[in-house]
Amino acid sequence: MEDATPAAHVIRRNHDAAQRVLDQAVREGEVPGILTQVRDGGGHWFGTAGVADTQTRRARGHEDRFRIGSITKTFTATVILQLVAEGQLALQDTVERWLPGVLTGNGHDGNTITVRQLLNHTSGVFSHTRDQPALSRQESYTPEELVEIAMSHPADFPAGRGWVYSNTNYILAGMIVERVTGETLADEITDRLARPLDLTGTSLPLGADPVLSGPHSSHYTKLFSPDPDATVYDVTELETSPYWAAGGMISTVADLNRFFAALLGGRLLRPQQQREMFTMVPTESWLPGATYGLGVSRLALPSGTAVWGMGGALFGSWSYVYGTREGTHMLAVNINADWTTGRWEDPIGIFTDLLEAEFSRSANSVTARGNRAVW
C-alpha cells in the first residue's frame, strides 16, 4: 500500500473527476447538497452541487458552517497532547488520577484505563451513544450523566485487550481537559487551535445551545431509516450535548483543511507527541481499511492509496477530511444529510469515490517527484 505523500505526488491538472462525483451525489445519490474544498500546495479549489436549503434552493456556499461529528475527536486529542507536551498530564496517567470515582462499575475500572487508551479506543469503555433510549429521556445531558449511562452497561473488554469505537472515551477526555486546565474544553479549543489558526467558522457549542450561527447549510435527516420514502426532518437546530467532546463541534471545509494541514504538517504538536498521535492500532467493525491513532485515522482507499485524517457523522451532516501524510494535499467534504440512494449505501461511499478522484494515481493526474502542483 502506498501513502499519498509528496514523495510520489500527484500533480492535479484539474478537478473534473471530483466535480463529477459531486454532481452524481446529487443526481444519483439524491443528497440535498455537497460541498468540498481541496487544498494543494499554494492553491485551493471549491466544488459544490445541490442546495444548502431545500425550500429556498440556495446553493451551498464556500463559507457554510456544518456540524462535524466525530472530527471533533481530533481537536480534543490535539488539546490533550498539547497538555502532555506542557507536562500537565501524561498519556500513561490513569483516568482515576484525574476523574476519581467516575469510571467504575460493570467491569469498568478507572485505575486500569489510561488516557492513551481513551484516545485510541482500546479502553473497553462502553459507548453511551449505543443506548439511544437513555439519550431520549431528557433534553440535554452533562458529561457526567453521559458517563453514568455508559457505566450502566458492561465494559466491552478489559482495558488494552481489544478495540471498539466509543464516544464515551472522548467525553472522558474532555472532562480530563477541564479538570487539568480549570477551563472549559470549548475555551481550550478556541485558545489553542481555532484562534491561532484563524479558524473563524469553528467552535464547540457551550452547554445545550442548539443554534448553528453564521452562514450555514440546513441539515436534513431521515433518522437513519433505510426506507427511501422515509420522512425528512430539518435538524439544523440540534441540541448536541450528548456528543460534546466526541462529536459536537461546528466548522467549515476551509477551516478543516487548514487545521488538518497544520496538524499533519507537524505545526501543532511537538515531535514526541506527533509520533504518539500517529502511532496506529488496528480497528474492528469500523471504516474498511482503517487504522486508528490518537484521534486520527489512516484510511486505505480501494486503489491502494492511503490518506490521513478523520470523518464524522451526526444527524443531518456527514463529513470527511483526509489528505497526504504531511498535509500538503487535503480534501474536506460535507453532505448536509445522512443518507444516499443509488449505488452508495451511505455517504461514506460518495466520500470514498471523491477521495479516489482526487488522490488516486490514475484519476486525471500524472505522477511527479517533488511538492509543486500544477494548476
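Placed above this text is the structure.
Colleague: Lay out the layout of surface pockets in plain terms, naming residues and giving numbers.
Modeller: Looking at the largest pocket, its volume works out to about 720 Å³. Elements that contribute at least two residues to the lining of the largest pocket include exactly helix H8 (244-247), strand S14 (305-314) and strand S15 (317-323). When residues in the lining of the largest pocket are grouped by element, the largest group, five residues, is from S14. Taken as a whole, the second largest pocket holds about 230 Å³ of empty space. What lines the second largest pocket is simply Gln 132, Leu 135, Ser 136, Gln 138, Glu 139, Tyr 141, Leu 238, Glu 239, Pro 242, Tyr 243 and Phe 315. Classifying every residue of the lining of the second largest pocket gives six nonpolar, three polar and two charged.

Colleague: Go over unusual backbone geometry, please, and point to the residues and values.
Modeller: For His 121, which is not glycine, the phi torsion reads 65° and is therefore positive. Relative to the assigned elements, His 121 resides in the loop between helix H4 (115-119) and helix H5 (143-151). Under the relative-accessibility criterion, His 121 is labelled buried at 0%. Positive phi, normally seen in glycine, also occurs at Leu 223, with a value near 55°. Note on placement: Leu 223 falls in the loop between strand S8 (220-221) and strand S9 (233-234).

Colleague: Before we move on, can you summarise the pairing of strand S16 (residues 329-335) with the specific residues and values?
Modeller: Within S16, seven of the seven residues are buried, which leaves it mostly tucked inside the rest of the structure. A two-sided burial pattern is seen for S16, the buried positions comprising His 329, Leu 331, Val 333 and Ile 335 on one face and Met 330, Ala 332 and Asn 334 on the other. Bridge analysis of strand S3 (residues 33-40) against S16 gives seven bridges, and the strand direction is antiparallel. Along S16, the bridge assignment pairs Ile 34 with Ile 335. Of the strand pairs in this sheet, S15 and S16 are connected by six bridges, and their pairing is antiparallel. Looking at S16, one finds that Tyr 322 is bridged to Leu 331. What sits between S15 and S16 in their antiparallel hairpin is a turn of five residues, with Gly 327 showing a positive phi close to 75°.

Colleague: Run through the packing of H5 against helix H6 (residues 167-181), naming residues and quoting values.
Modeller: For the pair H5 and H6, the least separation of the axes is 10 Å and the interaxial angle reads 145°. As for how H5 packs across H6, the hand of that crossing is left-handed. Between H5 and H6, the residues in contact are Pro 143, Glu 144, Leu 146, Val 147 and Ala 150 and Thr 168, Ile 171, Leu 172 and Met 175, respectively. Classifying every residue of the contact of H5 with H6 gives seven nonpolar, one polar and one charged.

Conventions we followed
Residues numbered from 1 in each chain as written. Predicted model: local features only at pLDDT ≥ 70, side-chain atom pairs only at ≥ 80, totals over all residues. Heavy atoms only, no water. 1 Å grid on protein atoms, 1.4 Å probe; cavity = no way out; pocket = protein on both sides within 12 Å on 5 of 7 lines; lining within 4 Å. Points joined across faces, edges and corners; volume = space filled by probe spheres on them. Helix = DSSP H or I, 4+ residues; strand = E, 2+ residues; numbered from the N terminus. Nonpolar A, V, L, I, M, F, W, Y, C, P; charged D, E, K, R; others polar. Buried < 20%, exposed > 50% of the residue type's maximum accessible area, 1.4 Å probe, protein only. Pairing = 2+ DSSP bridges. Axes fitted to C-alpha atoms, helices over the stretch in contact; angles between N-to-C directions. Left-handed = near helix turned anticlockwise from the far one by under 90°. Contact = heavy atoms within 4.5 Å.

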